[in-house]
Amino acid sequence: MAADVDKSTPERERSTGGSGQRSPGCGAWFRGWMWTLLAVCAVPLAGFGIKYYQNSQLLRRHEEAVQTLGVEGLFLFSSLDTDHDLCLSPEEFRPIAEKLTGITAPVDLEEDVIDDPNGETLVLEASMKPLLLDSMTKSRDRFLGLSHSSLSGLRSWTHPAVPSSSFPAGHFRVFLPPKGKTEPGDAWWVIPSELNIFTGYLPNNRYHPPTPKGKEVLIHSLLSMFHPRPFIKSRFAPQGTVACIRASSDFYYDIVFRIHAEFQLNDVPNFPFWFTPGQFTGNIVISKDASHVRHFRLYVPSNRSLNVDMEWLYGASESSNMEVDIGYLPQLELRSAGPSTPSVIVDEDGNVIDSRDGRGEPIRFVFEEIRWTSAINEEEASHRLEVTFYPFKKVPYLPFSEAFERAESEKKLVHSILLWGALDDQSCSGRTLRETVLESSPVLALLNQSFISSWSLVKELENMQADKQNPALSEKAQLHLEKYSFPVEMLVALPNGTIVHHINANYFLDQTAMKPEDEGATFSFSGGFEDPSTSTYISFLKEGLEKAKDYITQ
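Residues numbered from 1 in each chain as written. Predicted model: local features only at pLDDT ≥ 70, side-chain atom pairs only at ≥ 80, totals over all residues. Heavy atoms only, no water.

Named according to an unreviewed UniProt entry, the protein chain is Selenoprotein N originating from Xiphophorus couchianus.

Here it is, written out as structure tokens:
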């Protein structure tokens, strides 16, 4: 037993430090670990506390603002308070100051743009034919239930705000391509889009556009010739401006461009009324050093039966009811009166001479003919712009009649989308569809492989149905319209027009909102981590292919 005691004593001494007490190092380590844990926990708690305090202060200020201004007054205040902090900065107050004083603050030009006092000047002329009120769906009920104030801005906008204006030619350098974009077909963002399906959209309760900066300045100035309140970045994606080189010579570019912008037609005290053309497009022929502009045109395309989306609020908050309609705008256009000309004319010796000849007539300038060394056609250039804005256009979408002819020749089905507004511009009622499933790689691949795609306006198919001179096309239009439900219907059809499968956009969105574990869900994750909406749309297309077999074998 003594031997056992002697053997165990060193073990106890090692474990207690030889004195029967715990080692000081162990206690210090434990206390340090506890302080570290407390510090780690304190950081998020402090952050939560600060956030809670800020939110409570913001809520208190919001309640005070409602008591002071009332609901409608707070709505007007919020339309200026762009950062939603319930305080107006000088920049946010600027629209009111300009309205009261009549003085517009200087705009922020690009740092590298310096006006040349001896540079050339371009004169632009604006033309407009106001929106046809009879083209709006509300006109069918004679605008029953609509207050006069709601449409006041629309009814009063009958002519351009500025019929004619002069611009320094050098300002149009914003359309010149960046480095690495010098060949016909090259496309780039002049003003990039800042929105996508994840960021959502910009607020509706606004009256005055933000101050333009950099390249935005020229676009804002151009659109201001139409109406004093242009928003060069639309509320919905895709925003911005895209350009593409159509042709190139030794000294000139022919550049096509497309702009997604909108106007606010109402002002205080009326509630906002948003006027959104499907697109602005045009072209500019400009020298590569931006010293001379040979031609400029900007316009809203009017080749479709409906080309403008309109939305207006019925209350004093962002969540208020919104009315939506679509209509036809015959003309909204800027066009250069002629090539840009020098502000100062000098002779061969450098002497300034009068701009009029001896008979008092203006001196006429003779411009050399531009010989393009490389070019693409306008249709291809427009397609490059479309694909940049809308990746789903990587799949060709053919006109209704042409799609069925192509399907017949290639022995494919027709993938057809029927809706009120154009699918490939901002007057669209299918924004969610084009920004999600239609541009996903698996759907693009399946459409390319097995379908001929097409989209059509309801109004256009109604006109086709009524055209008895083309009975075959009339019947195809009728078969589509029989399956249509507002707002968007996706269909799969045989080349003869027979509808084999269809799904409404609202039902489709309900299906994709289901959880994978929900009974009866039409999608699964068995094939990988695929987006539910993509899986659902692929299932819809494959079901169409399968159902078509029954018709083919009959």
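After presenting the structure, the write-up continues.
Draft legend 1. Fine view of the overall build of the protein chain. Within the protein chain one finds 13 helices and 22 strands. Counting every position in the protein chain, which comprises 554 residues, the buried fraction comes to 43%. Taking contacts inside the protein chain between residues at least 6 apart in sequence as the whole, the part at least 24 apart equals 71%. Within the structure as shown, the protein chain displays about 29600 Å² of accessible surface, and the carbon and sulfur contribution to it stands at 54%. (Helix = DSSP H or I, 4+ residues; strand = E, 2+ residues; numbered from the N terminus. Buried < 20%, exposed > 50% of the residue type's maximum accessible area, 1.4 Å probe, protein only. Contact = heavy atoms within 4.5 Å. Areas by Shrake-Rupley, 256 points an atom, 1.4 Å probe, with all protein chains shown as cover.)

Draft legend 2. Just unusual backbone geometry, in detail. With an omega of 10°, the peptide bond running from valine 268 to proline 269 counts as cis. Cis rather than trans, the peptide bond between phenylalanine 486 and proline 487 has omega equal to 0°. Following the sequence through the fold, proline 487 ends up in the loop between helix 11 (471-483) and strand 21 (488-493). Of note, the phi angle at alanine 290 is positive, near 65°, even though the residue is not glycine.

Draft legend 3. Highlighting the side chain of glutamate 216. Relative to the assigned elements, glutamate 216 resides in helix 5 (residues 216-223). Reaching out from glutamate 216, the side chain makes a polar contact with the side chain of lysine 233 at a distance of 3.4 Å. Every residue in contact with glutamate 216, bar those within four places of it in the chain, is listed here: Ile191, Thr211, Ile232 and Lys233. (Polar contact = N/O pair within 3.5 Å; in protein donor to acceptor, adjacent residues only side chain to side chain.)

Draft legend 4. A look at the confidence of the model for the protein chain. Across the protein chain, the average pLDDT comes to 82, with 75% of residues at or above 70. This model gives residues 1-23 a pLDDT under 50, and the stretch forms two contacts once residues within four places in sequence are excluded. When the criterion is pLDDT under 50, residues 515-529 qualifies, and its contacts beyond four places in sequence or with other chains add up to 20 contacts. (pLDDT = per-residue confidence, 0-100.)

Draft legend 5. Region of the structure containing the sheet that holds strand 8 (residues 273-277). Strand order in the open sheet formed by five strands is 4-7-8-11-12, and the pairing between neighbours is antiparallel. Looking at the sheet topology across the chains shown, the edges are occupied by strand 4 (230-231) and strand 12 (322-327). For strand 11 (residues 308-313) and strand 12, the ladder comprises six bridges, and the chain directions are antiparallel. Bridge assignment links tryptophan 312 to a residue of strand 12, and that residue is glutamate 323. (Pairing = 2+ DSSP bridges.)

Draft legend 6. Main features of the packing of aromatic side chains. Taken as a whole, this structure holds 19 aromatic pairs when the rule is applied. Aromatic side chains tyrosine 201 and phenylalanine 236 sit 5.1 Å apart centroid to centroid with 35° between the ring planes, which places their arrangement in the tilted category. Here tyrosine 201 is found in the loop between strand 3 (187-191) and helix 5, whereas its partner phenylalanine 236 is found in the loop between strand 4 and strand 5 (240-248), with 35 residues between them in sequence. Exposure remark for phenylalanine 236: the relative accessible area of 16% places this residue in the buried category. On the basis of an interplanar angle of 55° and a centroid distance of 5.4 Å, the ring pair of tyrosine 537 and phenylalanine 540 is categorised as tilted. With tyrosine 537 and phenylalanine 540 both in helix 13 (residues 532-553) and three residues apart, the pair spans about one turn of that helix. The residues tyrosine 537 and phenylalanine 540 share a single accessibility class, namely buried. In this structure an aromatic cluster arises from ring pairing among Trp157, Phe226, Phe263, Phe275 and Phe280. Above the plane of the ring of tyrosine 253 lies lysine 288, whose end atom (NZ or CZ) is 4.8 Å from the centre. Note that lysine 476 overlies the ring of phenylalanine 404, its terminal NZ or CZ placed 5.8 Å from the centroid. (Phe/Tyr/Trp six-rings, centres within 6.5 Å; stacked < 30°, edge-to-face > 60°. Lys NZ or Arg CZ within 6 Å of the ring centre and 35° of its normal.)

Draft legend 7. Local environment of the pairing of strand 11. Of all six residues that make up strand 11, six are buried, and the element is covered over most of its length. Bridge count for strand 8 against strand 11 is five bridges, and the pairing is antiparallel. Residue pairing in the sheet places tryptophan 274 in a bridge with glutamate 311 of strand 11.

Draft legend 8. Quick look at the pattern of salt bridges. For the structure shown, the criterion picks out 20 salt bridges. Residue lysine 138 is joined to glutamate 323 by a salt bridge in which the shortest nitrogen-to-oxygen separation is 3.4 Å. Note that lysine 138 is positioned in the loop between strand 1 (120-129) and helix 4 (152-156) and glutamate 323 in strand 12, a separation of 185 residues in sequence. Classification of lysine 138 by relative accessible area gives buried; the value is 18%. Classification of glutamate 323 by relative accessible area gives partly exposed; the value is 23%. A salt bridge links glutamate 402 to arginine 406, with the nearest nitrogen and oxygen atoms 3.7 Å apart. Remark: arginine 406 and glutamate 402 occur in helix 7 (residues 400-410); sequence separation between them is four residues, near one turn of the helix. For arginine 406, a relative accessible area of 32% corresponds to the partly exposed category. Bridged by salt links that share partners, the residues Arg304, Glu386, Lys393, Asp424 and Asp425 form one connected network. (Salt bridge = Lys/Arg side-chain N within 4 Å of Asp/Glu carboxyl O.)

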